[in-house]
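As a plain string of letters, each chain reads:
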Amino acid sequence: MSELFDAVDALIASRSPLPPPAERKRLRQAHGLTLDEVAAALKVRRATVSGWEAGKTEPRPPERDAYARMLKQLAQLYPANAPVPPEDTAIPEMPAVAAAAAPSAAESAQAHADSGVARRITARSTAPAAVPRPAAATRPTSRGPAAKKAAPADTPAGGREARFENGPLAVVDVDAEGQVLAYCVGGLVLDVPAKSLSALVEWMLGEGRLGQPKLSGPGKDADPLIVLTGAACERYGLPSTLTKEERLAGRIPEGHKVVKQLTRADWQLTKRGFGPWARIYRPAQGSDRSCVQLCILSWDALDTRHWADAAQLPSADLARLLGVYASRVMTPRGSTAVTGLELMTALHPPTRASEPDADGRRYSEHNPGSLGKDPVDCAPCEAPDGHPLLADLQRFHQRTPAEVLVEEAYDWARPLTDAECLRPHLVGIDVNMAFAAGANGLTVGLGAPTHVKAPVFDPKVPGSWLVDLSHVDLSRVKLAKDKWAQLDGELLPSPFTPKGERPTGPAWYATPTVAYAVELGYDVRPIEAYVRHDNGRYLDAWYNRLRDAYLATMADLGVHADMPPADFLAAMDGYRRRDPQLAIVVSAIKATVKGGIGKLRERPRGEGWKPGQPWRALARPTWRPDIRAAVISRTRINMHRKIVKHAAFTGQYPVAVLSDCAVYACDGPSPLDFLPYRDGKPLPGGFKLGINPGLVKWEGTQTVLWGEGVRDQFNAPELNLARYIKDGTVMDQDTGE
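Just so it is clear, the structure is predicted and the values come from calculations on it, not from any experiment. (Residues numbered from 1 in each chain as written. Predicted model: local features only at pLDDT ≥ 70, side-chain atom pairs only at ≥ 80, totals over all residues. Heavy atoms only, no water.)

Enquirer: Report on the packing of helix H3 (residues 35-42) against helix H4 (residues 46-54), specifying residues and quantitative values.
Expert: Relative orientation and spacing of two packed helices are given, respectively, by the angle between their axes and the distance between those axes. Put simply, H3 and H4 touch, their axes get as near as 8 Å, and they point 105 degrees apart. One element, H3, and the other, H4, form an angle in the roughly perpendicular class. Taken together, the residues of H4 that come into contact with H3 (itself represented by Leu35, Asp36, Val38, Ala39 and Leu42) are Arg46, Val49, Ser50, Trp52 and Glu53. A class-by-class count of the residues in the contact of H3 with H4 yields six nonpolar, one polar and three charged. (Axes fitted to C-alpha atoms, helices over the stretch in contact; angles between N-to-C directions. Helix = DSSP H or I, 4+ residues; strand = E, 2+ residues; numbered from the N terminus. Parallel < 35°, antiparallel > 145°, perpendicular 65-115°, else oblique. Contact = heavy atoms within 4.5 Å. Nonpolar A, V, L, I, M, F, W, Y, C, P; charged D, E, K, R; others polar.)

Structure representation (structure tokens):
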């Protein structure tokens, strides 16, 4: 027995006791020591000491014995009740990532020159607010399994659940020494011990502590996102790039060795297989889910149209960029379009837990205000060509406006008048987050449509209406109660068609379009309709989330709400150069809005589909072409309403409108040269400069000579100049795409 006691005594003696992490930091600060001084004395890295004080890692012999000796002596000098002098280290405490400030250029340069690893940096008070950029990391000389080696010195615990303490995602890369590293948000870098992809998935779901809390009460937590670089792909047996055949298929073959490896480990893939945005999961056991989302950079997972050169950024910078997007929008689930659609469901989950029954048991039930868990059929007029509802139509039948609902964004232009040709400038203005603004407060259908003959129009009921609006005369419109305006209707686009042409007979329209005809002072008599009595403001939470993300990121870039017009234009000038990475986040947020709305009517893509057959998207409850039509209808009507108000007040008419951009001929190069302001206040209901969704910004200015020149060059008198107003570059004739 004595031998056992001796062994236990020896084991205890081999590990010098240490005080709690918070006490370690207190003792160092009490003696006025910096992290660098302690690290130099113990011959370790600065971040190693920081990790010990944060409780992220524990020292090992022989450093542990020396560290314990130092702390013991400091404890004798500074008892627990002794006053603590101010912190003198280089890293002050700071709030959570989303509310942190950006480093100045000088601080960023110093951080990258520092011998320590990635850490949080606060900006000087004069720097514009932004999310902190992690500094470059240096590599340690020794490692332990899963040792956290870049924990910020003063990372707060508040605002992040312990199970997701390392954030929503990690960019997995391989350094020059061959070590696999996981770059997380806030500058955190983790050593990754996993030797295979299946082991990496297991590690991320366990020790990695990645994920994001649910956005809605009855919703689900977001799955961890693993972003793989090309080097990480090669390390884990994946091709760094896809072959032409794999690109066309959107996946690697099912017989690939990595796919087989996952199968042997009881992991499964979704029906889309192992592509740029693969999902790896095991069937849920009760409320426990085991699922990760992969994003493979070298397979073009990040579309350059929306993410610019994000895939080429250093891993720490990419983690920062994606972390900002995840914290403000949601953890990416695929393309920005897929994420936009998934955000709708995350904010309005289809089911919720019921109230307890007599036995105290709960059941899954429909979540009011959601689209539910089952798809609903659209109305025949809402169905796109090739839909199963139209299977009986002849193959080359061209549906007329009386057969199909066509609610699309504006693409309209007209020749300049003689008076407009004498003005020197063409100025374009662009509506911020136009489709998000169109979704704000919009009542949409939640359930299946009801077919009604000869209905009485009700602007509060969402649906599709067959009605003749050809009698609406834009030369005389109602601006307010008992207030009419005489306009030049020939210089205005029709609000009822995407090309701005006046309707010639009955056609299908969404509720906002028909309601606008009534607003302009004209009676409407629908012939028939498909209405949705089960309705609600399904998109409000979606709008609010994306609006807040957009405004917060623009504020980080120095553009704030409620700025005076001149100050706003000055702030917008070159805002992307202030922080190119946050500028990419802005672009991704905008793409999330447009893509999410577009996904509501996703068309078949390959899949061996033939007209008249169902395609995969139809099985989703979020396949809702009626909601897409309502949002686009309202967005177009919002633009037309502003155009009419502006024309009635100033006598100025647009020469081109493209989606959310309008071009005017004017005497000066700035929007302030033609937008009416009185005492700093804009025309009520008209265009107003500002960053909020629905307000406008300057899009670009060209000369009238340029506009007439490109139209002559392509022999296109009605070439849409709004498409090229930004930089004046016209690559080819306008095709309208």
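Enquirer: Before we move on, could you go through unusual backbone geometry and cite the residues and values that matter?
Expert: With an omega dihedral of 5 degrees, the bond running from proline 61 to proline 62 counts as a cis peptide bond. Take proline 62: it is sitting in the loop between H4 and helix H5 (63-77). A positive phi angle is found at aspartate 300, which is not glycine, with a value near 65 degrees. Turning to its location among the elements, aspartate 300 is positioned in the loop between strand S7 (288-296) and helix H11 (304-307). A relative accessible area of 49% places aspartate 300 in the partly exposed class. (Buried < 20%, exposed > 50% of the residue type's maximum accessible area, 1.4 Å probe, protein only.)

Enquirer: Outline the sheet that holds strand S1 (residues 169-174), listing residues and values.
Expert: The seven strands lie next to each other as S3-S2-S1-S4-S7-S6-S5, forming an open sheet whose pairing is mixed. Two strands close off the open sheet at either side, each with one partner strand: strand S3 (189-191) and strand S5 (268-269). Sitting on the sheet, helix H12 (residues 315-328) is in contact with S1, strand S2 (180-183) and strand S4 (225-228), with an inclination near 165 degrees to S1. (Pairing = 2+ DSSP bridges.)

Enquirer: Any chance you could break down the pattern of salt bridges for me, citing the residues and the numbers?
Expert: In the structure shown here, the tally under the stated rule is 34 salt bridges. As a salt-bridge pair, aspartate 540 and arginine 537 come within 2.7 Å of each other at their nearest N and O atoms. The exposure class assigned to aspartate 540 is buried, which follows from its relative accessible area of 16%. On the basis of relative accessible area, arginine 537 is assigned to the partly exposed category, the value being 48%. What you see here is one network of salt bridges that share partners, running through Glu382, Arg532, Arg624 and Asp626. (Salt bridge = Lys/Arg side-chain N within 4 Å of Asp/Glu carboxyl O.)

Enquirer: Quick rundown of empty space enclosed by the protein? Include the residues and the values.
Expert: By the definition in use, this model includes four cavities of 30 Å³ or more. Glu382, Leu405, Gly445, Pro462, Gly463, Ser464, Ala510, Arg532, Asp626, Ile627 and Ala630 together form the lining of the largest cavity. Of all the elements in the fold, those that place two or more residues in the lining of the largest cavity are strand S14 (463-468) and helix H21 (625-650). Among the elements that make up the lining of the largest cavity, the one with the highest residue count is H21 (three residues). In the lining of the largest cavity, the residues fall into five nonpolar, three polar and three charged. (1 Å grid on protein atoms, 1.4 Å probe; cavity = no way out; pocket = protein on both sides within 12 Å on 5 of 7 lines; lining within 4 Å. Points joined across faces, edges and corners; volume = space filled by probe spheres on them.)

Enquirer: Let's hear about helix H17 (residues 540-556): which residues, and what values?
Expert: A turn of α-helix holds 3.6 residues, and therefore any two residues three or four places apart point the same way. Across its 17 residues, H17 extends 24 Å between first and last C-alpha, which sits within 8% of the 24 Å expected from 1.5 Å per residue. Among the residues making up H17, those that are buried are Asp540, Trp542, Tyr543, Leu546, Ala549, Tyr550, Leu551, Thr553, Met554, Ala555 and Asp556. The inward-facing, buried residues of H17 abut H12, helix H13 (336-347), helix H15 (434-439), helix H18 (565-572), helix H19 (575-578) and helix H20 (580-599). Count one or two residues on from H17 and you reach glycine 558, which has phi positive near 90 degrees. (Expected span 1.5 Å × (residues − 1).)

Enquirer: Describe the packing of aromatic side chains, with residues and values.
Expert: Throughout the structure, instances matching the rule amount to 11 aromatic pairs. Each ring, one from tryptophan 307 and one from tyrosine 325, has its centre 5.2 Å from the other, and the planes form 65 degrees; the classification is edge-to-face. Here the residue tryptophan 307 occupies a position in helix H11, and tyrosine 325 occupies one in helix H12, the gap between them amounting to 18 residues. For the pair tryptophan 609 and tryptophan 615, a centre-to-centre distance of 5.6 Å together with 90 degrees between the ring planes defines the contact as edge-to-face. Looking at tryptophan 609, the relative accessible area reads 24%, which means it is partly exposed. For tryptophan 615, a relative accessible area of 4% gives the class buried. Taken together, the aromatic side chains of Trp609, Trp615 and Trp623 make up a single cluster linked through ring pairs. A cation over a ring is seen here: arginine 282 above tryptophan 267, with NZ or CZ 3.8 Å from the ring centre. (Phe/Tyr/Trp six-rings, centres within 6.5 Å; stacked < 30°, edge-to-face > 60°. Lys NZ or Arg CZ within 6 Å of the ring centre and 35° of its normal.)

Enquirer: Please set out the packing of H12 against H17 residue by residue, giving values where relevant.
Expert: In the contact formed by H12 and H17, the axes pass within 9 Å of each other and the chain directions differ by 140 degrees. As the angle between them shows, H12 and H17 are arranged oblique. Packed against H12, whose contacting residues are Ala326, Ser327 and Arg328, the element H17 presents Arg545, Ala549, Ala552, Thr553 and Asp556 at the interface. Looking at the contact of H12 with H17, its residues break down into three nonpolar, two polar and three charged.

Enquirer: I'd like a rundown of the environment of glutamate 708, residues and numbers included.
Expert: Position of glutamate 708 among the secondary structure elements: in helix H22 (residues 704-713). Each C-alpha atom, one on glutamate 708 and one on proline 415, is 9.0 Å from the other, the two residues being 293 residues apart in sequence.

Enquirer: Quick rundown of H3? Include the residues and the values.
Expert: Looking only at H3, the buried set comprises Leu35, Val38, Ala39 and Leu42. Buried residues in H3, looked at end-on, bunch into an arc of 100 degrees, giving them a common side. Projecting away from the buried face of H3 at angles above 90 degrees are the exposed residues Ala40 and Ala41. In this fold, the buried residues of H3 make contact with helix H2 (21-30), H4 and H5. Phi turns positive, to about 60 degrees, at lysine 43, one or two residues after H3. (Arc of directions from axis to C-beta.)

Enquirer: Go over the pairing of S7, please, and point to the residues and values.
Expert: Direction of pairing for S4 relative to S7: parallel, over a ladder of four bridges. Looking at S7, one finds that leucine 225 is bridged to glutamine 293. Direction of pairing for strand S6 (residues 279-285) relative to S7: antiparallel, over a ladder of five bridges. Its bridge partner lying in S7, glutamine 285 is registered against aspartate 288.

Enquirer: Hey, could you go over the side chain of arginine 711 for me, with residue numbers and the actual values?
Expert: Along the chain, arginine 711 falls in helix H22. Among residues more than four places away in sequence, those in contact with arginine 711 are Ala413, Arg414, Pro415, Leu416, Val655, Ala716, Pro717, Glu718, Leu719 and Leu721.

Enquirer: Outline the sheet that holds strand S21 (residues 661-666), supporting the account with residue identities and numerical values.
Expert: Read from one edge to the other, the open sheet built from five strands follows the order S10-S20-S21-S11-S24, with strand pairing classed as antiparallel. Both edges of this open sheet fall to strand S10 (411-413) and strand S24 (696-703), since each of them pairs with a single strand only. Taken pair by pair, the neighbouring strands of this sheet meet at an average axis angle of 20 degrees, ignoring direction. Pairing of strand S11 (residues 425-431) with S21, which is carried by six bridges, proceeds in the antiparallel orientation. In the sheet register, leucine 426 faces S21, and the bridge partner there is alanine 665.

Enquirer: With reference to specific residues and values, describe the nonpolar core.
Expert: One broad rule of soluble globular proteins: the nonpolar side chains tend to lie buried together. One finds Trp307, Leu318, Trp542, Met554 and Ile589 to be the most contacted residues of the largest nonpolar core, which totals 111 residues. The next biggest cluster of nonpolar side chains, apart from the first, holds 35 residues, and it includes Met204, Ile226, Leu242 and Leu294. (Core = buried A, V, L, I, M, F, W, Y, C linked by side-chain atoms within 4.5 Å.)

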